[in-house]
Structure formats: structure tokens, C-alpha cells
Amino acid sequence: MAVIEAEELRRTYRTTTGALRRRTLDVEAVRGVTFAVERGELYGLLGPNGAGKTTIIKVLVTLLLPTAGSARVLGHDVVRDVREVRRRVGFVFGGERGLYERLSGLDNLRYFAELYGVPAREQGRRIAELLDLVGLSGRERERVEGYSRGMRQRLHIARGLMHDPEVLFLDEPTLGLDPVGARELRQTVAGLTEAGKTLLLTTHYMFEADALCDRIAVLSRGRIVAEGTPRALKERVGGGRVIEVEVFGIGEERVDALRAVGGVRSVAVEERGQVQALVVRTDAGVEVTPALLARLAGTTIGRVSYREPTLEDAYVALVEE
Amino acid sequence: MAAARVFLVGGVISYRALFNWIRPLSYATTMLGIPLFQLLFFAYVGRFAGVRDDAFFVVGNAVQATAMGGLYAMTMTVANERFFGTLAPVLATPANRLALFLGRALPVVLNALAVSAVAFAAGLLLLDFSLPAARVPALAAVVLVTATATTGLGLLLGSLGLRVRDVLFASNLVYFGTLLVCGVNVPLDVLPPWLQAVGRALPLTHGVEAARRVAGGEGLGGVDGLLATEAGIGAAYALVAFALFRVFELEGRRRASLETY
């Protein structure tokens, strides 16, 4: 039996605009998502902002009701068996909020130990283990308001693990961390899977997903557009090639013209300071460079380079399909 | 057992986490300073106008001082969860909701008692007010009931704070409203009937009356009806507050409003 199961999960948000003439708008954040995560697996949800990643996690940890479809965690329905799900899952949302600033890290953990019903005699040992795990030992008596972003994020993880949950949901846990802090956190996450936890992770960082996840679902506009191991996803755009062309000031019409070139699978524009980089994915064995350059005639062109596709290319290609 | 710990230990920790004026300087200036100057203000205005003696204003304002804790501290201790972004993590726990909610009231009631005691002490030291030691236990019991009832109203404001931005405006409104309609500084019978009705539906009114009678020498047995009414009003507010908290929690899951701020 899968540990996490989502079947045709949907979630619509209703928003209103205007003060006098109020208009109601329904936004479909998740549009029929189905996936399953096996025990001990680290499953990644990848997608651009607004793809529905956080909404899916909120439904799975019982903070949101699905509009349609169903989801189960460890066999418990997230709508009907709320307490059972809450006892067994932990979650970590990225960002600096969500902690009691005036309390020490230790008291933050103590409070959640009480809320999760960790027996008083076990709390001290459990908290010490967690502080050690996330590298906050020795800093636990300081107020959280003085913690760095990385320390806060590690405290979030310790809190999420307080009741030793079987399943942990991590929503962009390395967001905004410096490279060293992010690497330490990834090591912590990798250690959790070794300890037998089942993890569902969302991230924007492709290399992070590539390095950590056993399987990945790529989300775009509320739907899963691809699912598989990082290797399998890369192979979906494998056999092709990536051409990067640096240009200065290019309009959307030109980009559309490039997309129309035979053999071009996708074109993405990345802003790199003053320069725009056109990332053109092509079919294998097709030479499209002359046709591309012809369509860019009149535009200032910088460096042109070629490389093999990465997971990021696979991701961009998938969300643009 | 877990629920009892959430009530007691969790209540104290959340109070330390969420009550804005817990640091000594802000506590002294706000929680103690405001009731003290309020007491002196009304006592001297009363003397100047020659309407009532100091004892009337000391008892009224010292009992009303429980609202500093009962209203403001209680509002903050619930509503600040939203401000700190901790509401979602707390509500994602399996903790017993009644214990989680009411546990926050315990430190607030104790704080309200302390604030009231300081106000009574100020009245004894600075104004023409005396209180035989034998009457202190009965008066403390009356203040305890009143502080608990006022905290019930504070719970309601706290619950509203989970949905309404800047709920402390409402706390201000209620706090200053009680000075007028609860018999604290103006006897209830000189108010128009509709204001009397408002006053009778609020905590404090029956507690202030009971405190005046006990301070005047009457025993607890003579004010048991007033205390029962006061406790009943407080319980009713607390009950509505908890119901509202649960409604907002469920509505938050349905409408994704838990983290809207």
C-alpha cells in the first residue's frame, strides 16, 4: 500500500475583486492530480510558482479541504480521519514566519512537543536528538528573533519531526538559504530517508531534486505533466540538444518565430542581467542554428553555445508543453 | 493527560510567546501604568465633582483593571497566532482544541488578578480608601470570578482576531465601553435603559457591584447571586468564543483563509 495517495485531487480557490462591484473569481490551483508515494521514498513535486505544489501539501496535511477527488496518508483519508493523519505526519513550510519569535528555539520545540502529545519524560531526549540532527545544539536557549534564516529553517524541520512522524512534507525547505546552509539542510533531508521516513518535497532547484528525489512529478498549472525518476525525466528530452543564444532586447514575436523553426522543441527566455539567454531545445541530429540566426536578423547577438540537456531543461520543456 | 498538559504547560508557553507586553518595561508601563492613572483620574474627577467618595472609584476601577489582562492579553494570546504565522502549524497538530484554546486563559486570569491587586494597593496607598484585612479573601474571590468572566469576553475578541485584522481596535472599544456601562465610574441606574441593558450583558457589571458590597462589609453569601450571574456571563462568552474558533478553523480549511492577513 502506498503511504501517500492522491486521486484526481482538485482544489479551487474563490477570490473576490472590487469594492463596490464585487466580482467572484474561481482559480483552479490543482486540477485532477493523481500520484502515489511508496514507503521510504523521497518524492519531489516540481513546478513553477502557482503550479499547485503548496496547495497539494496543504491538502495532504489537512490544512485545506480538496474541492474534489481524494487523498490518503498511511491509509487515512485526509478529510475524514483528520486526527489520525495529523498524528502521523509532519510538515515544514519554507520561509521565516511560523515560529514564536520571543521564545527560544527550545521553548518552540517544547510547545509543539506538548501539542503533539509527546510524553513529558521523553521530551528532553527527543528535543536533544532533534537539535543535534539539525545542528542547533548549543543555540537552543537563544530567542528565535535572533536566529538566521538557516537556523529558523532548521528549527522548522526539528519541529516537523518532533513527534517522530512516519511521513514528512517539506515545502521548499532550502528557499532563501545560502549555499552552505542549503547543502547542510539537504544532508539532513537525505539522512531522513536513510532513517526510513517517507518524504514529499517541493523545490524550485533542479539539482536539489535531481540529487535527493527518488521520483519527481512535474506540475504545471495544477496538473502533473510528467512523473518519473530524475533519469527518466532527463531522458524525455534526451537525444536532443540545447542551444543557448545570448541576445540583447528581444520581443515575444521573435521568440514565437523561433518556436516555429522545424526541429525546435521549445524556446525559453532567461533574463541574465542586461542579457537575455534564449534556451532552445532541439531534436537530435537536426541543425537549426542557421535558421535560428536568420530569424534573429537585426537583433544584437552575443555568445552561441551548445550543451547536453539537464533536468532543468526537462523541467522547462515539460512546463512549457 | 496530554490534554491537561496542553491546557497547563501549553497555556503558559503560548502566553509567553504571544502576549506583547510581557517584557518588564512594557508590562509596568502598560499593564500597571494605565490602570493606575485611570484610577487616579476618575478618583480625582469624582472628588472635584463631589459625586462619590474615593472608595467607589477605587473598587470600580481596580476590579475593571482585570480587563487589562482579560481583554487585551487574552485577545493577543489568541489573535497573535495569525500575526506570527503560527496558526497553521498549531492547527495542524492533533492537540485537543478545547485545552489548546482555554489553556491560554489561565495565565491571563492570574495576570488580571495581579493587575487588580496592584490597583487596589495603589488605592490604599494614594487615596482615601481602606480595606480591613478580613475582607480581603472574599474580595479576592470576587475579583477572581470577575477576571475569569472578563477573560471569557477576551477569548471572544481573540477568536474574532483570527478572522478580523486589527482586532485590538475592538478590544479598545470594549475596554473603554466598560468604564461607562459596567457601573465602574457611573452608577448603572443613571444610564439610559439601553445602556443599562448593554452593561448587564457584559462581564464586570455584576462583579463590580459584588466587589463594592464585599468591600463594604457584606459576606460572599450576600453576593452569590451576582457572582453566579457574572460567572454565567463569562462562561457564555467563552462558549461562543470557542464555537467561533472552531467555525473559523473549519472555514479556514474550506476557504483557505487560515493564513489570510
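Residues numbered from 1 in each chain as written. Chains lettered and ligands numbered in written order. Predicted model: local features only at pLDDT ≥ 70, side-chain atom pairs only at ≥ 80, totals over all residues. Heavy atoms only, no water.

## Digging into the overall build of chain A
A tally of helices and strands in chain A yields eleven helices and 14 strands. If you line up chain A on its principal axes, its C-alpha atoms span 75 × 50 × 45 Å. Put simply, chain A has 321 residues, and 54% of those count as buried. Of the roughly 14200 Å² of accessible surface on chain A, a fraction of 48% belongs to carbon and sulfur atoms. Of the charged side chains in chain A, 47 are positive and 46 negative; the average position of the first set lies 5 Å away from that of the second. (Helix = DSSP H or I, 4+ residues; strand = E, 2+ residues; numbered from the N terminus. Buried < 20%, exposed > 50% of the residue type's maximum accessible area, 1.4 Å probe, protein only. Areas by Shrake-Rupley, 256 points an atom, 1.4 Å probe, with all protein chains shown as cover. Lys, Arg positive; Asp, Glu negative; His and termini not counted. Charge placed at Lys NZ, Arg CZ, Asp CG, Glu CD.)

## Regarding the pattern of salt bridges
In total, this model carries 39 salt bridges over all chains according to the counting rule given. Here A:R272 ties to A:E270 by a salt bridge, and the two come within 2.8 Å at their closest N and O atoms. Exposure remark for A:E270: the relative accessible area of 27% places this residue in the partly exposed category. A salt bridge links B:E251 to B:R163, with the shortest nitrogen-to-oxygen separation between them at 3.2 Å. (Salt bridge = Lys/Arg side-chain N within 4 Å of Asp/Glu carboxyl O.)

## Looking at the packing of helix 4 (residues 66-84) of chain B against helix 9 (residues 168-181) of chain B
The axes of two packed helices give the description: the angle between them and the distance between them. All names here are of chain B. Running from N to C, helix 4 and helix 9 cross one another at 170°; their axes reach a closest spacing of 10 Å. Overall, the two elements helix 4 and helix 9 adopt an arrangement that is roughly antiparallel. Considering the relative orientation of helix 4 and helix 9, their crossing is right-handed. Note on element contacts: helix 9 touches helix 4 through L168, S171, N172, V174, Y175 and F176, opposite A67, M68, L71, Y72, T75 and M76. Looking at the contact of helix 4 with helix 9 residue by residue, the class counts come to nine nonpolar, three polar and no charged. (Axes fitted to C-alpha atoms, helices over the stretch in contact; angles between N-to-C directions. Parallel < 35°, antiparallel > 145°, perpendicular 65-115°, else oblique. Left-handed = near helix turned anticlockwise from the far one by under 90°. Contact = heavy atoms within 4.5 Å. Nonpolar A, V, L, I, M, F, W, Y, C, P; charged D, E, K, R; others polar.)

## Overview of the pairing of strand 8 (residues 198-203) of chain A
All names here are of chain A. Where burial is concerned, most of strand 8 is hidden: six out of the six residues are buried. Of the two faces of strand 8, the one lined by T198, L200 and T202 and the one lined by L199, L201 and T203 are each fully buried. Judged from the five bridges that link them, strand 3 (residues 42-46) and strand 8 form a sheet pairing that is parallel. Looking across to strand 8, one finds that G44 is bridged to L201. Here five bridges tie strand 7 (residues 167-171) to strand 8, and the two strands are oriented parallel to one another. Counterpart to D171 in the pairing with strand 8 is T202. You can see the chain leave strand 7, run along helix 6 (residues 179-194) and come back into strand 8, and the turn it takes is right-handed. (Pairing = 2+ DSSP bridges. Right-handed = clockwise from strand over helix to strand, strands pointing away.)

## Some thoughts on the interface of chain B and chain A
Listed per partner, the contact involves 39 residues of chain B and 34 residues of chain A. Here chain B meets chain A over a buried area of about 3000 Å², counting both sides, of which 57% is carbon and sulfur. Counting across the chain B and chain A interface gives four salt bridges. Here A:E145 makes a salt bridge to B:R23, at a shortest N to O gap of 3.0 Å. Counting every contact that joins chain B to chain A gives 18 residue pairs in polar contact (both at pLDDT 80 or more). Residue assignment for the side of chain B that touches chain A shows that the elements contributing at least two residues are helix 1 (2-18), helix 4, helix 5 (87-91), helix 6 (97-103) and helix 12 (224-255) of chain B. Here the side of chain B that touches chain A takes ten residues from helix 1 of chain B, the largest share from any one element. (Buried area = accessible area lost by both parts, 1.4 Å probe. Polar contact = N/O pair within 3.5 Å; in protein donor to acceptor, adjacent residues only side chain to side chain.)

## Considerations on the sheet that holds strand 9 (residues 215-220) of chain A
Residue and element names in this part refer to chain A. A sheet is described by the order of its strands in space; here six strands give the open sequence 6-7-8-3-9-10, paired in mixed fashion. Edge positions in the open sheet fall to strand 6 (89-93) and strand 10 (223-228), since each of these has one partner strand only. In this sheet, adjacent strand axes meet at a mean angle of 15° when their direction is disregarded. When strand 9 meets strand 10, the two strands line up antiparallel, connected through five bridges. Counted as the bridge partner of A217 is E227 from strand 10.

## Some words on unusual backbone geometry
Residues and elements named next belong to chain A. One non-glycine residue, L74, lies in positive phi territory at about 55°. Relative to the elements of secondary structure, L74 occurs in the loop between strand 4 (68-73) and strand 5 (76-77). Classification of L74 by relative accessible area gives buried; the value is 12%. Of note in the backbone geometry, R221 takes a positive phi value of approximately 50° without being a glycine. Relative to the helices and strands, R221 resides in the loop between strand 9 and strand 10. Look at R221 and you get exposed, because its relative accessible area is 53%.

## So, the confidence of the model for chain B
Summary statistics for chain B give a mean pLDDT of 91 and a share of 99% for residues scoring 70 or more. What the predictor reports for the complex is a pTM of 0.84 with an ipTM of 0.87. (pLDDT = per-residue confidence, 0-100.)

## Some words on the sheet that holds strand 2 (residues 23-37) of chain A
Residues and elements named next belong to chain A. Across the sheet, which stays open at both edges, the four strands sit in the order 2-1-4-5 with antiparallel pairing between neighbours. Of all the strands in the sheet, the pair left with one neighbour each is strand 2 and strand 5. Sheet topology places strand 1 (residues 4-17) next to strand 2; twelve bridges connect them, and they run antiparallel. Note that in strand 2 the partner of R10 across the bridge is R31.

## Focus: the nonpolar core
Formed by 167 residues in total, the largest nonpolar core has its most connected members in A:I4, A:F35, A:L60, A:V73, A:F169, A:L200 and B:F120. Counting 14 residues, the second largest nonpolar core, distinct from the first, contains A:I243, A:I250, A:V264 and A:L278. (Core = buried A, V, L, I, M, F, W, Y, C linked by side-chain atoms within 4.5 Å.)

## Here's the deal with the environment of A:R307
All names here are of chain A. On the secondary structure map, R307 appears in strand 14 (residues 300-307). Here the alpha-carbon distance between R307 and R141, two residues 166 residues apart in the chain, equals 50 Å. Within the local environment of R307, its side chain forms a polar contact with the side chain of E244, the two groups lying 2.9 Å apart.

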